[in-house]
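Take a look at the letters that make up each chain.
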Protein chains: 2
Amino acid sequence: MPGNTLDYNSLFNRNLPAPPAQWTGHPKYNFIGGHSDPDMVPMEGFIEAAGNVFRGDPRNISMYNFDGGPQGITPLRQFLVDKLASHRGINTSLDEILITSGSGLAIELINEILLEEGDTVIVEEFSFSGALGNIRRRKANMVAIGVDHDGMNMDQLAQALEDLQSRGVRPKYIYTIPTLQNPTGTVMSMERRFRMLDLSAEYGVPIFEDECYADLIFEGEYENAIRSLDDSNRVLHIGSFSKTLGPGTRLGYIVAQWEVMSRLLSRKNDAGTGVLDQMIVADYFNNHYEEHILKMRAALKRKCDVLASALRESFGPNVEFEVPRGGMYLWVKLPEGVDSRALNMPALREGVAFNPGPDWSADPDAAASYIRLCFALPSETEIWEGVEKMAEVFRKEGALP
Amino acid sequence: MPGNTLDYNSLFNRNLPAPPAQWTGHPKYNFIGGHSDPDMVPMEGFIEAAGNVFRGDPRNISMYNFDGGPQGITPLRQFLVDKLASHRGINTSLDEILITSGSGLAIELINEILLEEGDTVIVEEFSFSGALGNIRRRKANMVAIGVDHDGMNMDQLAQALEDLQSRGVRPKYIYTIPTLQNPTGTVMSMERRFRMLDLSAEYGVPIFEDECYADLIFEGEYENAIRSLDDSNRVLHIGSFSKTLGPGTRLGYIVAQWEVMSRLLSRKNDAGTGVLDQMIVADYFNNHYEEHILKMRAALKRKCDVLASALRESFGPNVEFEVPRGGMYLWVKLPEGVDSRALNMPALREGVAFNPGPDWSADPDAAASYIRLCFALPSETEIWEGVEKMAEVFRKEGALP
């Protein structure tokens, strides 16, 4: 018998997705995902921070959850308490913050404690692919609400809540990315934030506020978080460090009161979030956050302008998009009838990668003519060249006149 | 309506475990978990490594999976290829290694791709609590096999496989910690390793080999991994960096061929394992592994001897244990009839923490009279004092004559 290869196909869980293709490297013109600007990674700052933290107590590394316990190390949570107060208007405390391994894990944990198969959640019609995928994997139902320049449409939301209630359905949450929405880049108006809280109270449905991008407003004062307006534990608030420092730092966070926090902890089975990341980022940000974020915002704004100009030059009137007030994406509409999924492989063959809109849509077909472009990673030259190449490919494929 | 607090109890997933108590700090005499020796954390080495890696390409941080793609960064996987060859006899390649956020996530991923509710797995009667808990959470059945000085009992294993086959049950895997078993500290003989592979082939059941502790053999040559004897993809092999560097570094790994690797990747939804950890550990270990591990082993051996002496002094003939060839635990048997779970809180009140045996047992009651003690974290003085205090408490509670 030895020598026969084991047949795993008959052993695998029968609900697995199709396996991915083997990884073959990054595309030359890379507009996908949430990659960030390499010139904005504070490499010298990280060396300085490492020098500081690795001269500290070695039990931070030799022990599980040495400093601060299972919710994350104290200096990083303290940084968040301060930053959320000064930048987002949120009044919170160390006890209400949970550090997670990226905000993806924050979404996973919140879904884990709230969702069962067959549950209903409310989402924005276009939204973060990772959040939508997580909800789909759990076989929960999504009710999609339109998003315009001022964020989620509150009349539609009120109507949806009313309809669901009349059918005896209480949604588990309203998932929103109010500030620099992903992918549309819109910012919800203050009026709508207040209205959403009222609706949350009226129907007893929590708001799941994802502020992954809120730090990346290009300039000026901007809208406070919905969580800052909430005095009744109605808002579960999450955020990320991946967008301000780079996704190599796998750090996100959840703000929630103990009733919810204790449940999150009961499902956080990862033996703690990476402490090296936490220590280095806490030290760097406690010393350099303000200067870093100003530099980052300015750099992103420049690249955003370049991408917008490149699109206008190469695509002319064949694309529609709104230049956002911040963030790292343009949400671009191709001519009606074009299916961006069909353009993906032809573009990749020419070294150009973009995200087809359907991955960022509760109803994939509703976003068939959209693409999402991330402008943070490529250099200005790469943006110009990449967009030109993309237009060539799209033209060759008959997607543009 | 606003002002009413939202009632989350009616929203939570109904299958959640009880929420934990709020964290109140670490115990003074800490013999629990897999904490490691603070004096053995190479803090200066980490500063040097950080200086090296943060002078490298910033795209390691600004991009998801920049160097090496979703399986982990190349230098860390190369270190593992080399170490597994030189220390564990395993002939593998970069393509067969997946870096995970701790070996707990390795177990999670393997279970995720193989297990469904109602499946059967084979485990050692005493085994890693995290693995047992993960299997239980998935509502899979466990068949427990005895462990003696030479590891898992192969006659019992053969019998169990035969019995299961006769009932039409094909177990999904045989989970074993062959080298410095957790909690018993035993090392499976080479003869049994060969026999296990034969049984795996005969019954078409993979071996899930967990070698989290194998690097921590105190001295001399020792048994190669079961994976090193396997030419037919029968063994899924995992390991960890938490035990050689400290659990603050959340890094583990899986060795598996593409058929399995591709499925693991399809379920690895964490956007990559923390790159700062990977970079620093890869640089440090590529330069200093051999000297580090020798120092670590010697330090652990000293503490192991201290704990054994302290137990003999404070408990005398009332405890039985075998001094292991390595690792960081003693698996200690209290007098028959004692239930270690009942001693947990009284000891904690005196500042002494140990792991009750039942958490490390497929059948909790079968390990009622056992406790697991980790000797890596406490200082020699703390070991002496802690064990004395523990004996006092146990005596006061009537567990010792």
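See above for the structure.
Basis of the calculations
Residues numbered from 1 in each chain as written. Chains lettered and ligands numbered in written order. Predicted model: local features only at pLDDT ≥ 70, side-chain atom pairs only at ≥ 80, totals over all residues. Heavy atoms only, no water. Pairing = 2+ DSSP bridges. Helix = DSSP H or I, 4+ residues; strand = E, 2+ residues; numbered from the N terminus. Least-squares fit on C-alpha atoms with pLDDT ≥ 70 in both. Contact = heavy atoms within 4.5 Å. Buried < 20%, exposed > 50% of the residue type's maximum accessible area, 1.4 Å probe, protein only. Right-handed = clockwise from strand over helix to strand, strands pointing away. Buried area = accessible area lost by both parts, 1.4 Å probe. Salt bridge = Lys/Arg side-chain N within 4 Å of Asp/Glu carboxyl O. Polar contact = N/O pair within 3.5 Å; in protein donor to acceptor, adjacent residues only side chain to side chain. 1 Å grid on protein atoms, 1.4 Å probe; cavity = no way out; pocket = protein on both sides within 12 Å on 5 of 7 lines; lining within 4 Å. Points joined across faces, edges and corners; volume = space filled by probe spheres on them. Nonpolar A, V, L, I, M, F, W, Y, C, P; charged D, E, K, R; others polar.

Undergrad: In this structure, what is going on with the sheet that holds strand β11 (residues 329-333) of chain A? I would like to understand it.
TA: Strands pair in a sheet through their backbones, by hydrogen bonds, and they do so in one of two ways: parallel or antiparallel. Residues and elements named next belong to chain A. As summarised here, the arrangement of the 3 strands in space is β11-β14-β13, forming an open sheet in which the pairing is antiparallel. Edge positions in the sheet fall to β11 and β13 (355-356), since each has one partner strand and no second. Summarising the sheet, β11 and strand β14 (residues 370-374) pair through 5 bridges and their orientation is antiparallel. Within β14, the position partnered with W331 by the bridge is R372.

Undergrad: What is the right way to read the relation of the copies chain A and chain B from this model?
TA: Two copies of the chain are present, and they differ by a rotation about an axis and a shift along that axis. For the match of chain A to chain B, the screw axis carries a shift of 0.0 Å, the RMSD comes to 0.0 Å, and the turn is 180°. Taken together, the turn and the small shift mark the pair as related by a two-fold rotation axis. Here 100% of the contact residues of chain A are again contact residues in chain B; the copies associate through an equivalent surface.

Undergrad: Mind showing me how you'd approach the side chain of A:T244 here?
TA: All names here are of chain A. When you line up the elements, T244 lands in helix α8 (residues 242-245). T244 sits in the buried class, given a relative accessible area of 2%. With residues near it in sequence (within four places) discarded, T244 still touches D215, L216, F285, H292, I293 and M296.

Undergrad: Sorry if this is basic, but what is going on with the environment of A:F354 here?
TA: Residues and elements named next belong to chain A. With respect to the helices and strands, F354 occurs in the loop between β12 (352-353) and β13. Distance from F354 to F66, taken between C-alpha atoms, is 42 Å for residues 288 residues apart in sequence. F354 has contacts with F31, I32, S340, L343, N344, A347, I371, R372, L373 and F394, leaving out every residue within four places of it along the chain.

Undergrad: Sorry, what's going on with the pairing of strand β4 (residues 141-145) of chain A here?
TA: Sheet faces and side chains relate simply in a regular strand, where the side chains alternate between the two faces. Residues and elements named next belong to chain A. As paired strands, strand β3 (residues 120-124) and β4 are joined by 5 bridges and run parallel to one another. Its bridge partner lying in β4, V123 is registered against A144. The handedness of the β3 to β4 crossover, carried by helix α5 (residues 129-137), is right-handed.

Undergrad: Even after reading the chapter, I still don't get the sheet that holds strand β13 (residues 355-356) of chain B, so can you show me in this structure?
TA: The sheet built from 3 strands is open, its strands ordered β11-β14-β13 (chain B) with antiparallel pairing. A strand with exactly one partner marks an edge of an open sheet, and here the two such strands are β11 (329-333) and β13 of chain B.

Undergrad: Would you mind showing me how to read the interface of chain A and chain B here?
TA: Frequently, the measure chosen for interface size is the accessible area removed from exposure when the parts meet. The interface is formed by 104 residues belonging to chain A together with 104 residues belonging to chain B. Buried area between chain A and chain B, both sides added, is near 8,500 Å², and the carbon and sulfur share of it is 62%. Applying the counting rule to chain A against chain B returns 2 salt bridges. Residues B:R14 and A:E116 are paired through a salt bridge, measuring 2.4 Å at the closest nitrogen-oxygen approach. The interface formed by chain A and chain B includes 31 residue pairs in polar contact (both at pLDDT 80 or more).

Undergrad: What should I look at first to understand empty space enclosed by the protein in this one?
TA: One way to see where empty space is left: roll a probe the size of a water molecule over the atoms. All names here are of chain B. Across all of its chains, the model carries 4 cavities of 30 Å³ or more by this definition. Within this model, the largest cavity holds a volume of roughly 90 Å³. Surrounding the largest cavity, 18 residues form its lining, N65, G272, T273, V275 and Q278 being those nearest its centre. In the lining of the largest cavity, the residues fall into 8 nonpolar, 7 polar and 3 charged.

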